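Examining the three-dimensional arrangement
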Protein chains: 2
Amino acid sequence: MDLEKARLEFVQTWGNLGTAWGIPRSMAQIHAYLMMRPDGVSTEEVMETLMLSRGNVNTNLRELINWRLIDKVSKLGERKDFYKAKHDITEMAQAILDQRKKKEFLPVQSLLIQLKNTDITGGTDEERSHFTQMIKDLDEFVSLLDQLSDLLVKMNSNMVFKRMIKLLS
Amino acid sequence: MDLEKARLEFVQTWGNLGTAWGIPRSMAQIHAYLMMRPDGVSTEEVMETLMLSRGNVNTNLRELINWRLIDKVSKLGERKDFYKAKHDITEMAQAILDQRKKKEFLPVQSLLIQLKNTDITGGTDEERSHFTQMIKDLDEFVSLLDQLSDLLVKMNSNMVFKRMIKLLS
DNA sequence: TTTTATTTTCAATAATTTCTGAAACTTTAG
DNA sequence: CTAAAGTTTCAGAAATTATTGAAAATAAAA
């Protein structure tokens, strides 16, 4: 199969994965395309290859930079900007985890903590204790996920990771 | 704070978490509400409490059953159906993982495997080898996540889990 | 059976999110 | 400075997704 066709197939699939997880399709597609290119790519080339508007590409490139998934690079003798993806999967995973933890887990975690420290009134004894228990369980579970994700990003060698998995299976 | 108010605060936050991860707000809200109720709740009560239409509640209750996050239960002497959430967080996590793995990870994984077994033509040597390497890295990473999630769901006791975390931190 | 309660379906509508494209802005070159 | 190249912004359009509500279907009771 032709390289560019293979890249575009990956772009499609990665785009779908993105939308399923609340990431704009174009953003995921642009990221996918840059991942599969060894060097920096210009806005123009992204626009043409993925058939997206200038505004869209510009906005999503900026967002990808915010997420630390890509870097702006310059090419000798070229006036325009080029964009190059981080090619290390672990770094990539860490960047994504950081973003989503910050935006989505923190609010949940802080509500859970707040509710744990609040006296609940009304309802039956059973209802109150069920509520309290569920909040406690959820809080513990979220903390666990949090620790686990820290662990994941701390590992920069797959060797360690694989051994751990083996050890625990 | 009043129990029902506390429940509704949780419902709101859980609903937001849902939408950020591609789950319809109502579905996440209904799940959140049922989680915080010790016994089965009727469609009517969900509609009134969360101010959602009958159709919406009906559809999402069915979807939650599909996901195995809730069960339909009947109450003695009552004609209508009641719905009760699974209250075990681990079971809950497992149900969610199962669904999302099936719908979203499998397609990625199968494309990666397919691309690994395809000969790539065109482009420079560097481009081809970069592409091949990235696909390989991604495939390994996805497999790793997969193993890790299996591990997570196999653990039904937090004790084991916590020891593992401690062991590896 | 007929009536009443309950559940399901789905076309239409609403809400939200994403994308476009042209104008404004900024930067660099001449 | 002026002109050209490149980038950013953002109001409106398009696309997608979620929700409603009323009618149809089903199930239970009388």
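Preceding this section is the structure that the text describes.
Throughout what follows, the structure given in this document is the object of discussion.

What counts, and where the lines are drawn
- Numbers given for residues are sequential positions, taken from 1 along each chain in its written order.
- Starting at A for chains and at 1 for ligands, labels are handed out in the order in which the entities are written.
- In keeping with the predicted nature of the model, local features appear solely for residues at pLDDT of at least 70, side-chain atom pairs appear and are counted solely at 80 or more, and the whole-chain, interface and lining totals rest on all residues.
- Helix numbering and strand numbering both begin at the N terminus, where a helix is a DSSP run of H or I of at least 4 residues and a strand a DSSP run of E of at least 2.
- C-alpha atoms define the radius of gyration, and 2.2 Å times the number of residues to the power 0.38 defines the globule rule.
- Exposure classes come from backbone-placed C-beta atoms, where a residue is buried if 20 or more other C-beta atoms lie within 10 Å of its own, exposed if 12 or fewer do, and partly exposed in between.
- Contacts are defined on C-beta atoms placed from the backbone: any two residues whose C-beta positions lie within 7 Å are in contact.
- We treat two strands as partners when DSSP finds at least two bridges between them.
- Polar here means any residue other than Ala, Val, Leu, Ile, Met, Phe, Trp, Tyr, Cys and Pro, which are nonpolar, and Asp, Glu, Lys and Arg, which are charged; Gly is therefore polar.
- Each axis is a line fitted through C-alpha atoms, and for a helix only the stretch in contact is used; angles between axes span 0 to 180 degrees, taken between their N-to-C directions.
- Only the C-beta atom matters for nearness: placed from the backbone, it must lie within 6 Å of the molecule or strand for the residue to count as near.
- Least-squares superposition of the copies uses the C-alpha atoms of those residues scoring a pLDDT of at least 70 in each of them.
- Helix span, expected: 1.5 Å multiplied by one less than the number of residues in the helix.
- Reported orientations rely on four angle classes, namely roughly parallel under 35 degrees, roughly antiparallel over 145, roughly perpendicular from 65 to 115, and oblique for the rest.

Here we come to the overall build of chain A. Counting secondary structure elements, chain A contains seven helices and three strands. Overall, chain A shows an N-to-C arrangement of helices and strands of α-α-β-α-α-β-β-α-α-α. The C-alpha radius of gyration of chain A comes to 21 Å, more than 25% above the 15 Å expected for a compact globule of 169 residues. Seen through its C-alpha atoms, chain A measures out along the principal axes to roughly 70 × 40 × 30 Å. Sorting the 169 residues of chain A into buried and exposed places 25% on the buried side. When contacts within chain A are restricted to residue pairs at least 6 apart in sequence, long-range pairs at least 24 apart make up 47% of them.

Glancing now at unusual backbone geometry. All names here are of chain B. Residues other than glycine seldom take positive phi values, yet Met51 does so here, at roughly 55 degrees. Topologically, Met51 is positioned in the loop between helix H3 (43-50) and helix H4 (54-66). Looking at Met51, the number of C-beta atoms within 10 Å reads 8, which means it is exposed. With a phi angle near 65 degrees, Arg68 is a residue other than glycine that sits in the positive phi range. Within the secondary structure layout, Arg68 lies in the loop between H4 and strand E2 (70-74).

Residues and elements named next belong to chain A. An order of E1-E3-E2 is seen for the three strands of this open sheet, with the pairing classed as antiparallel. Among the strands making up the open sheet, the edge pair consists of strand E1 (41-42) and strand E2 (70-74). Alignment of E2 against strand E3 (residues 81-85), held across five bridges, turns out to be antiparallel. In the strand pairing of E3, Ile70 is matched with Ala85.

Take the interface of chain A and chain B next. Taken together, the contact between chain A and chain B spans 48 residues of the former and 48 residues of the latter. A breakdown of the residues in the side of chain A that touches chain B according to their chemical character gives 27 nonpolar, eleven polar and ten charged.

Now for the sheet that holds strand E3 (residues 81-85) of chain B. All names here are of chain B. Taken together, three strands build an open sheet; the order of strands is E1-E3-E2 and the sheet is antiparallel. Edge positions in the sheet fall to strand E1 (41-42) and E2, since each of these pairs with one other strand and no more. Packing against the sheet, helix H2 (residues 25-35) makes contact with E1, E2 and E3, and its axis sits at approximately 85 degrees to E3.

A word on the protein's contact with DNA strand D. The local shell around DNA strand D holds 18 residues, among which A:Gly55, A:Asp81, B:Ser26, B:Gly55 and B:Asn56 are the closest. Put simply, the parts of the chain that give the surface near DNA strand D at least two residues each are helix H4 (54-66) of chain A together with H2 and H4 of chain B. For the surface near DNA strand D, the leading source of residues is H4(A), giving four residues. Grouping the constituent residues of the surface near DNA strand D by class yields two nonpolar, nine polar and seven charged.

When chain A is fitted to chain B, the best match, at an RMSD of 0.0 Å, comes from turning it 180 degrees and sliding it 0.0 Å along the axis. Taken together, the rotation and translation relating the two chain copies correspond to the operation of a two-fold axis. Comparing interface residues between copies, 100% of those in chain A also sit at the interface in chain B, which points to an isologous, same-surface contact.

Taken together, 18 residues are adjacent to DNA strand C, and A:Ser26, A:Gly55, A:Asn56, B:Gly55 and B:Asp81 come closest. Counting only elements with at least two residues in the surface near DNA strand C, the list comes to helix H2 (25-35) and H4 of chain A together with H4 of chain B. Take the surface near DNA strand C: its biggest share by element is four residues, from H4(B).

This next bit is on helix H6 (residues 125-154) of chain B. Taking 1.5 Å of rise per residue, the 30 residues of H6(B) would be expected to cover 44 Å, and the 44 Å separating its terminal C-alpha atoms lies within 8% of that figure. Buried residues of H6(B): B:Phe131, B:Met134, B:Ile135 and B:Leu138, and no others.

Turning next to the packing of H2(B) against H4(B). All names here are of chain B. Two elements in contact, H2 and H4, have axes separated by 9 Å at closest approach and are oriented at 70 degrees. Overall, the two elements H2 and H4 adopt an arrangement that is roughly perpendicular. Two secondary-structure elements touch here, H2 through Ser26, Met27, Ile30 and His31 and H4 through Asn56, Val57, Asn60, Leu61, Glu63 and Leu64. Taken together, the residues that form the contact of H2 with H4 break down as five nonpolar, four polar and one charged.

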